[in-house]
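What follows is the residue order along each chain.
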Amino acid sequence: MSVDVDDEASAVPEDAARLLRKHWDIKPGPVGHLVRLAENNGVVVVFSPAQTAAVDAYSFDDGYRPTIVLNPAKEDYYRQRFDVAHELGHLVMHVDAEPGSKVVENQAHRFAAELLLPADELRDLLPGKADWRVLAALKETYGVSLQALLYRSRALGVMSDVTYRNAIAYLSSKGWRRREPGEMPAVEQPSLYPRAVEILSGVGMDEISLAKEARVTPGLFRTATARVPVLEELFFDPQAVESRVHLEEDVIPLFRGKEQPGA
């Protein structure tokens, strides 16, 4: 779907989210396990290497499989779900667009809000004031953060700008912008690649062989196929080290049987 990246006024992001819900047969109400839903519809979801994680998430479509890459350091279930929805927006609307612009990011944000918090369902549920009990209940039901709910309430005209700003200021004063109150569920985990590795392992294909077939180091392979974030030595290749050791064993020392210079 092509979207004008200079268009800030149209409802195309919301329309695109509604079309995706229909295409993926998402029933009215909260979206369930979003990572699994994406994978079931052909999107690869992986964690980035911890050493290189610099953004919340990013996505790309290389013509083989659309892919979403998540930050392994972000251990927030609610915000991770919004990140996935945001990146789905980029994959649906911005395949040919230059990433990072304010308009493009805002379009993806609006797409995510409509995907997870459909206007027709939420308009009558969202409070017009900062009713934290109501907001907390909606947070648990829809799997999104308090901040996302406040933003959505303002965007739908339920909450005034002044009330929204005051609510955000209260969040900040409580330290909730960094970590919101309540229990934190475990982040959603990818299963497409991990399950594929398990199946191949069952027929005798080990990780080293699979990494070699993929032309990546074992550390990078384990990172890309993990269910949970892992810290791996990305560019260490034990086979290369072993080959180097064998090569060194076959080298005849220049000073064999003689005292080494400087000894």
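So, how was this worked out
- Residues numbered from 1 in each chain as written.
- Predicted model: local features only at pLDDT ≥ 70, side-chain atom pairs only at ≥ 80, totals over all residues.
- Heavy atoms only, no water.
- 1 Å grid on protein atoms, 1.4 Å probe; cavity = no way out; pocket = protein on both sides within 12 Å on 5 of 7 lines; lining within 4 Å.
- Points joined across faces, edges and corners; volume = space filled by probe spheres on them.
- Helix = DSSP H or I, 4+ residues; strand = E, 2+ residues; numbered from the N terminus.
- Nonpolar A, V, L, I, M, F, W, Y, C, P; charged D, E, K, R; others polar.
- Axes fitted to C-alpha atoms, helices over the stretch in contact; angles between N-to-C directions.
- Left-handed = near helix turned anticlockwise from the far one by under 90°.
- Contact = heavy atoms within 4.5 Å.
- Buried < 20%, exposed > 50% of the residue type's maximum accessible area, 1.4 Å probe, protein only.

(A) Main features of the layout of surface pockets. Put simply, the largest pocket is a space of about 770 Å³. Contributing to the lining of the largest pocket are 32 residues, with His86, Glu87, His90, Glu105 and His109 lying nearest its centre. Secondary-structure elements contributing two or more residues to the lining of the largest pocket are strand 2 (57-61), helix 3 (77-93), helix 4 (102-116), helix 7 (146-155) and helix 8 (161-174). Of all the elements, helix 3 adds the most residues to the lining of the largest pocket, at 8 residues. A breakdown of the residues in the lining of the largest pocket according to their chemical character gives 14 nonpolar, 9 polar and 9 charged. In this structure, the second largest pocket encloses a volume near 430 Å³. If you go around the second largest pocket, you meet 20 residues; those closest to its centre are Val46, Phe60, Thr67, Tyr193 and Ala224. Taken together, the elements giving at least two residues each to the lining of the second largest pocket come down to strand 1 (44-47), strand 2, strand 3 (66-70) and helix 11 (218-224). When residues of the lining of the second largest pocket are assigned to their parent elements, the largest contribution, 4 residues, is made by helix 11. Split by residue class, the lining of the second largest pocket holds 14 nonpolar, 4 polar and 2 charged.

(B) Layout of the packing of helix 3 against helix 4. Packing of helix 3 against helix 4 brings their axes to within 8 Å, and their N-to-C directions diverge by 115 degrees. For helix 3 against helix 4, the interelement crossing comes out right-handed. On helix 4, the residues touching Arg81, Phe82, Ala85, His86, Leu88, Gly89, His90, Val92 and Met93 of helix 3 are Val104, Glu105, Gln107, Ala108, His109, Phe111, Ala112, Ala113, Leu115 and Leu116. Looking at the contact of helix 3 with helix 4, its residues break down into 12 nonpolar, 5 polar and 2 charged.

(C) Looking closely at unusual backbone geometry. Its identity as a non-glycine residue notwithstanding, Asp25 has a phi of 55 degrees, on the positive side. The topology assignment puts Asp25 in the loop between helix 1 (12-23) and helix 2 (34-40). Taking the relative accessible area as the measure of exposure, Asp25 reaches 52% and is therefore exposed. The phi angle at Arg215 is positive, at roughly 60 degrees, despite the residue not being glycine. With respect to the helices and strands, the residue Arg215 is situated in the loop between helix 10 (207-214) and helix 11. The exposure class assigned to Arg215 is exposed, which follows from its relative accessible area of 78%.

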